[in-house]
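Descriptive analysis of the structure
Residues per chain are reported as follows:
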Amino acid sequence: MTMYDKLAARYDQMIRWKTRLERETPFFQKLFVEKRIKEVLDLGCGTGQHARLFHKWGCDITCVDPSAELLKIAGDGFEEEDSIRFINADFLTFPEHVSKSFDIVICLGNSLPHVNTIEELKQTFRNVFHALKPGGMFVFQNRNYDRLLETKERFLLPLTHRVADNEQIFFRFNDFLGNKVRFNVVHFTRVAERWIHEVYSMELEPLVRDDVVVALKEAGFSSIDLYGDYSGTPFDPQSSSDLIGMVRRPS
């Protein structure tokens, strides 16, 4: 069982979805209208928050995630006749389960660094390329590892979640292990007058800009635009918090 299977029931409590979607929605609305996007592949869909948004816009969605437990949550409330499908697969195996092509592939929430090697990243990009229709778009969002590897910033701001007497804290931090970054989540739950905690960890491949660009070009992508946020600010390896890519398969 992966870290995300274990965290699945608490996953949405760890993310400020309302704030995040308010920040991201204008970017995707503009893109979906301009490109007339209807067929969407969501790689690393998690609990399906983006898929639900795109489904409201009338899109046909295919959701892929390696965590069976996250997929169960993502599929909650949908009926068989809804234009949305859920596939338990990873970046390397999803083509075995998908027979159609898409207007757009998205991979958000720092999902790509879950590849084990740069070679796996290259294969992932090749898989995405072949999953797209000619002229189709690929949008991804990672943390800015160029800056993170330079500054060695370990700690993220803690997140709290409270409903009635149920109080939880999510404390997240990084360990720098040579060529890898280990992402850790310490989950604290208040039980009466004491706190209990669980620790979850996952090793990530810290994808820097140059490696990402080389892998995209090798896969055949053109028109590679990199941003530091969803407002379209150009990516700056020293100051941007994120690396957001918007690339296109040639027509």
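So, here's what we can say about the structure. Every chain begins its residue count from 1, and numbering advances along the sequence as written. pLDDT decides what is reported in this predicted model: residues at 70 or higher carry local features, side-chain atom pairs at 80 or more are listed and counted, and totals for whole chains, interfaces and linings draw on all residues regardless. Calculated side-chain values reflect all of the structure's heavy atoms, with hydrogen atoms and water omitted.

To continue, consider the overall build of the chain. Put simply, DSSP H or I for four residues or longer makes a helix, DSSP E for two residues or longer makes a strand, and each gets a number counted from the N terminus. When helices and strands are counted, the chain shows seven helices and 11 strands. Compactness check: the chain gives a C-alpha radius of gyration of 18 Å against a globular reference of 18 Å for 251 residues, within 12% of the reference. The principal-axis extent of the C-alpha atoms belonging to the chain is close to 60 × 45 × 35 Å. Out of the 251 residues in the chain, the part that is buried amounts to 49%. Considering only intrachain contacts with a sequence separation of at least 6, the fraction spanning at least 24 residues in the chain is 60%. A 1.4 Å probe and the Shrake-Rupley method give the accessible areas. Residues count as covered only by the protein chains that appear here. Total accessible area on the chain stands at roughly 12500 Å², and carbon and sulfur atoms take up 50% of it. Lys and Arg are tallied as positive, Asp and Glu as negative. Neither His nor the chain termini are counted. Lysine's charge is taken at NZ, arginine's at CZ, aspartate's at CG and glutamate's at CD. The centroid of the 32 positive side-chain charges in the chain is displaced by 3 Å from the centroid of its 37 negative side-chain charges. In this description the radius of gyration comes from C-alpha coordinates, and the expected globular size is given by 2.2 Å times residues to the power 0.38. Under the scheme applied here, a residue whose accessible area is under 20% of the maximum for its type counts as buried, over 50% as exposed, and between as partly exposed, the area being computed with a 1.4 Å probe on protein chains only. By definition in these notes, contact holds between two residues if any of their heavy atoms fall within 4.5 Å.

A few words on the sheet that holds strand β8 (residues 180-191). Read from one edge to the other, the open sheet built from four strands follows the order β6-β7-β8-β9, with strand pairing classed as antiparallel. The sheet is open, and its two edges are formed by β6 (159-163) and β9 (194-204), each paired on a single side. The sheet shows a mean angle of 20° between the axes of neighbouring strands, taken without regard to direction. Whether two strands pair depends on DSSP finding at least two bridges between them. Bridge count for β8 against β9 is 11 bridges, and the pairing is antiparallel. Opposite phenylalanine 183, over in β9, you have methionine 202 as the bridge partner. Here an axis means a line fitted to C-alpha atoms, over the contact stretch when the element is a helix, while the angle between two N-to-C directions is reported on a 0 to 180 degree scale.

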